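Inside the fold
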Amino acid sequence: MSDPLGLTPLLQYTPHYKPKLCLNSLCQVSDPEGQTPIATPTMSLPPITISAFYKFVTIDDCEALRVSLLDLCQRHGIKGTILLATEGINGTISGRAEDLRAVLAALRSDARFAGLVTKESYAGDHPFQRLKVKIKPEIVTFGAPEADPSLHVGTYVAPQNWNALINQPDVVVIDTRNAYEVVIGSFPGALDPQTKAFSEFQDFAKSHLNPGQHPKVAMFCTGGIRCEKASAYLLSLGFPEVYHLEGGILKYLETVPPEQSLWQGECFVFDERVALEHGVQPGTHRPCPDCGFPLSAAGNIEAQCPNCS
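Residues numbered from 1 in each chain as written. Predicted model: local features only at pLDDT ≥ 70, side-chain atom pairs only at ≥ 80, totals over all residues. Heavy atoms only, no water.

Each helix and strand in the chain was counted, giving eight helices and 17 strands. Partitioning the contacts of the chain with sequence separation of at least 6, the portion at a separation of at least 24 is 72%. For the chain, the exposed area adds up to about 13,900 Å²; of that, 53% sits on carbon and sulfur atoms. (Helix = DSSP H or I, 4+ residues; strand = E, 2+ residues; numbered from the N terminus. Contact = heavy atoms within 4.5 Å. Areas by Shrake-Rupley, 256 points an atom, 1.4 Å probe, with all protein chains shown as cover.)

All right, on to helix H3 (residues 159-166) then. What H3 keeps buried is the set Pro159, Trp162, Asn163, Leu165 and Ile166. Take H3 and look down its axis: the buried residues cluster within an arc of 165°, on one side only. Facing away from the buried side of H3 by over 90 degrees, the exposed positions are Gln160 and Ala164. In this structure, the buried side of H3 is in contact with strand E7 (155-157), strand E8 (171-175), strand E10 (216-220), strand E11 (241-245) and helix H7 (248-255). (Buried < 20%, exposed > 50% of the residue type's maximum accessible area, 1.4 Å probe, protein only. Arc of directions from axis to C-beta.)

Ordered in space as E7-E11-E10-E8, the four strands form an open sheet in which the pairing is parallel. The outermost strands of the open sheet, each flanked by one partner alone, are E7 and E8. Within this sheet the neighbouring strands show an average axis-to-axis angle of 30°, counted without direction. Sheet topology note: the E8/E10 ladder contains five bridges and is parallel. Across the sheet, Val173 pairs through a bridge with Ala218, a residue of E10. (Pairing = 2+ DSSP bridges. Axes fitted to C-alpha atoms, helices over the stretch in contact; angles between N-to-C directions.)

Attention now moves to the side chain of Glu266. With respect to the helices, strands and loops of the structure, Glu266 is situated in the loop between strand E12 (264-265) and strand E13 (267-268). Classification of Glu266 as buried rests on a relative accessible area of 7%. At a separation of 2.7 Å, a polar atom in the side chain of Glu266 contacts the side chain of His285. For Glu266, the contacting residues outside a window of four places in its chain are Ile184, Gly185, Ala275, Leu276, Glu277, Gly283, Thr284 and His285. (Polar contact = N/O pair within 3.5 Å; in protein donor to acceptor, adjacent residues only side chain to side chain.)

Attention now moves to the sheet that holds E13. An order of E13-E14-E15 is seen for the three strands of this open sheet, with the pairing classed as antiparallel. Sheet topology places E13 and strand E15 (281-282) at the edges, where each strand pairs with a single neighbour. Judged from the two bridges that link them, strand E14 (residues 275-277) and E15 form a sheet pairing that is antiparallel. Along E15, the bridge assignment pairs Leu276 with Pro282.

Turning next to the pattern of salt bridges. A full pass over the atoms with the stated rule returns twelve salt bridges. Among the ionic pairs, Glu98 bridges to Arg96, the shortest N-O distance being 3.6 Å. Note that Arg226 and Glu181 form a salt bridge whose closest N and O atoms lie 2.9 Å from each other. Taken together, the residues span a long stretch of sequence, with Arg226 in helix H6 (residues 225-236) and Glu181 in helix H4 (residues 179-182) at a distance of 45 residues. By relative accessible area, which is 10% here, Arg226 ends up buried. A residue is classified by how much of its surface remains accessible, and Glu181, at 0% relative accessible area, is buried. (Salt bridge = Lys/Arg side-chain N within 4 Å of Asp/Glu carboxyl O.)

Of note in this structure, Gln194 is not a glycine but carries a positive phi near 65°. Relative to the elements of secondary structure, Gln194 occurs in the loop between strand E9 (185-186) and helix H5 (201-208). The exposure class assigned to Gln194 is buried, which follows from its relative accessible area of 11%.

Geometry of an aromatic ring pair is reported as the spacing of the ring centres plus the angle between the planes. Inspection of every chain in the model, using the stated rule, returns ten aromatic pairs. Where Tyr180 meets Phe268, the ring centres are 5.4 Å apart and the plane angle is 85°; that geometry is what we call edge-to-face. Of this pair, Tyr180 sits in helix H4 while Phe268 sits in strand E13, placing them 88 residues apart in sequence. For Tyr180, a relative accessible area of 6% corresponds to the buried category. Ring plane angle 90° and centroid distance 4.9 Å describe the contact between Phe187 and Phe220, whose orientation is recorded as edge-to-face. Of the two residues, Phe187 sits in the loop between E9 and H5 while Phe220 sits in strand E10, which places them 33 residues apart along the sequence. Residue classification places Phe187 among the buried residues on the basis of a relative accessible area of 0%. Here the aromatic cluster, defined as three or more aromatic residues joined through ring pairs, consists of Trp162, Phe187, Phe220, Tyr252 and Trp263. (Phe/Tyr/Trp six-rings, centres within 6.5 Å; stacked < 30°, edge-to-face > 60°.)

Okay, here's the thing in structure tokens:
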């Protein structure tokens, strides 16, 4: 991977937690209204559906919404976590398909969450021990109030148009994920900000990017939420053209045929699958049993972990 900005070597990974989810498959079905309908379980699908979603929108009644969502989810036997902040909502919840449908329908009946897009996956049992609905300062921690995707956000680029964009010589391509994610896969030529936490992206942008020298910036992340905030931040700094991959790497791997794909390696995910490859199928990496760092399944993983050595 090229490093035109002269970034320093890979920082040592400091894990924040060990992945605990175990999702058997990731399935997303397009919908003409931009929503993702939940499939009715059949004999070929496990009984539990996991739904992940987010939306940046102003919420001025977080506590009332928290109480309402907690009651709604409890009545439907839902487990997982929903984060609320004045900037929006971010959640991953699990339950029977009909119960998730009811919860998401109630959410979408609120004008603020109309058109809420979800990604569905399936498991034999709940991947969460309990239900949590929490109020946080941010739904994805960044620490820059000026990075408000509900006010301005970069230009979305559909996966089928992504290759043409990043092949343009005047476009600076940036992987907004953390270093331990980037190390197992990325797009060729993408800059690695060498971050241990997403909030460090601000320092990278201020020290390595300049609106005059880098007028066109294209960014990508796992599922899209970090690029929403990163693109808003660059716009607040005066960058004239900011683009980001719609649906993130996962949508790219799902929809772009392998023979047309520019993706190299695997995509780190925050569950026990560790990494995914084309077709959003499980990859070959496994977590280090001591620290959770993603390791190739080949060889003795305890002996080869660079984070533990």
